[in-house]
Amino acid sequence: FRFDEEVDSLYQSGTGIADAIKGNAAHIAMARRYGATILDRTPVLEILPLTNGVEVVTHQGKFTAEKLVLTTGAWTDSLLSKVGIKLNITVTQEQVTYFATPNLREFAIGRFPVFIWEDSEMPVYGFPIYGEVATKIGIDASGPPVTASTRTFEPDAQREQQVIAWMERFVPGFLGPILYTKTCLYAMP
């Protein structure tokens, strides 16, 4: 890090990275072990209340349950609206950019931390090399409002340029050619 002003910081040596892909795989394996059937790429079309539970309608059929736990993120309000519930969840399209830094050693886990830059104008977070031979950075919770059906998968070049400018100022060695930028959705109550 290279700061051109005084910065208050907090360093926690006992932190780590929670690997979402491995975590999801573990949840799916545990669910299957306890008898769950996983239906990949099966959108829920409708939730219908029943006297003793709910019916969930999909293209693969209808399923009933006494209780239902929704983990539907950006789709939550549209699904619940059919049963008269609105949670007013704000959905934004976010993105992260991966850079092929030539400085692999300096940005390896154990040498460079996961970081969060709290700033009201541009809250930034980044990761050392993990999962890809690349560094990773994003602007936190500040993307444009979208819905699950209006979101795009196209990177926002202006947001890419914002993180590049931030990194050039504070951590220039982090940068390299852009490998790719991925979009995702945040769903915030």
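Preceding this section is the structure that the text describes.
First, a word on what this report is: a plain description of the structure on this page. For every chain, the first residue of its written sequence is number 1, and the numbers climb from 1 along that sequence. Selection of residues for local features in this predicted model requires a pLDDT of at least 70, selection of side-chain atom pairs for listing and counting requires 80 or more, and totals for whole chains, interfaces and linings are taken over all residues. To get the side-chain values, all heavy atoms of the structure are used, and hydrogens and water are removed first.

### Considerations on a negative patch on the surface
Okay, step 1: A cluster of acidic residues, Glu118, Asp119, Glu121 and Asp140, forms a negative patch at the surface.
Okay, step 2: Per the convention used, a helix needs a DSSP run of H or I reaching at least four residues, while a strand needs a run of E reaching at least two, with both numbered from the N terminus. Assignment of secondary structure puts Asp140 in the loop between β7 (135–139) and α3 (157–170).
Okay, step 3: Here the term buried applies to any residue with accessible area under 20% of the maximum for its type, exposed to any over 50%, and partly exposed to those in between, with areas from a 1.4 Å probe on protein chains only. Note on Asp140: relative accessible area 32%, which makes it partly exposed. For patch building, the residue pool is restricted to those with more than 30% relative accessible area and no salt bridge; the joining distance is 9 Å between like charges and 5 Å between nonpolar side chains (Val, Leu, Ile, Met, Phe, Trp, Tyr). For every accessible area listed, the method is Shrake-Rupley and the probe measures 1.4 Å; residues are considered covered only by the protein chains on display. Note on definitions: salt bridges are taken to be side-chain nitrogens of Lys or Arg within 4 Å of carboxyl oxygens of Asp or Glu. None of His or the chain ends enter the tally, which takes Lys and Arg as positive and Asp and Glu as negative. Here the site of a charge means atom NZ of a Lys, CZ of an Arg, CG of an Asp or CD of a Glu.

### Concerning unusual backbone geometry
Okay, step 1: Unlike most non-glycine residues, Asn88 shows phi in positive territory, near 55°.
Okay, step 2: As for its position among the elements, Asn88 is in the loop between α2 (76–81) and β4 (90–99).

### Structural notes on the environment of Thr64
Okay, step 1: Within the secondary structure, Thr64 is located in strand β3 (residues 61–65).
Okay, step 2: Considering only alpha carbons, one finds Thr64 and Phe112, 48 residues apart in sequence, at a separation of 49 Å.
Okay, step 3: Whether two residues touch is decided by their heavy atoms; if any such pair falls within 4.5 Å, the residues are in contact. Here Thr64 is in contact with Leu50, Val54 and Glu55, once residues within four sequence places are set aside.

### Quick notes on the pairing of strand β1 (residues 44–50)
Okay, step 1: Note on pairing: DSSP must find at least two bridges between two strands before they are called paired. In terms of strand pairing, β1 meets strand β2 (residues 53–58) through six bridges, oriented antiparallel. In the sheet register, Glu46 faces β2, and the bridge partner there is Val57.

### Here's the deal with the sheet that holds strand β6 (residues 124–127)
Okay, step 1: With respect to topology, five strands assemble into an open sheet ordered β5-β6-β7-β4-β8, the strand pairing being antiparallel. Only two strands of the sheet have a single neighbouring strand rather than two, namely β5 (115–117) and β8 (178–188). The sheet shows a mean angle of 20° between the axes of neighbouring strands, direction not considered.
Okay, step 2: Here β5 pairs with β6 via three bridges, running antiparallel. The partner of Trp117 across the bridge, within β6, is Val124. Helix axes are fitted to C-alpha atoms over the stretch in contact, other axes to C-alpha atoms as well, and angles between N-to-C directions run from 0 to 180 degrees.

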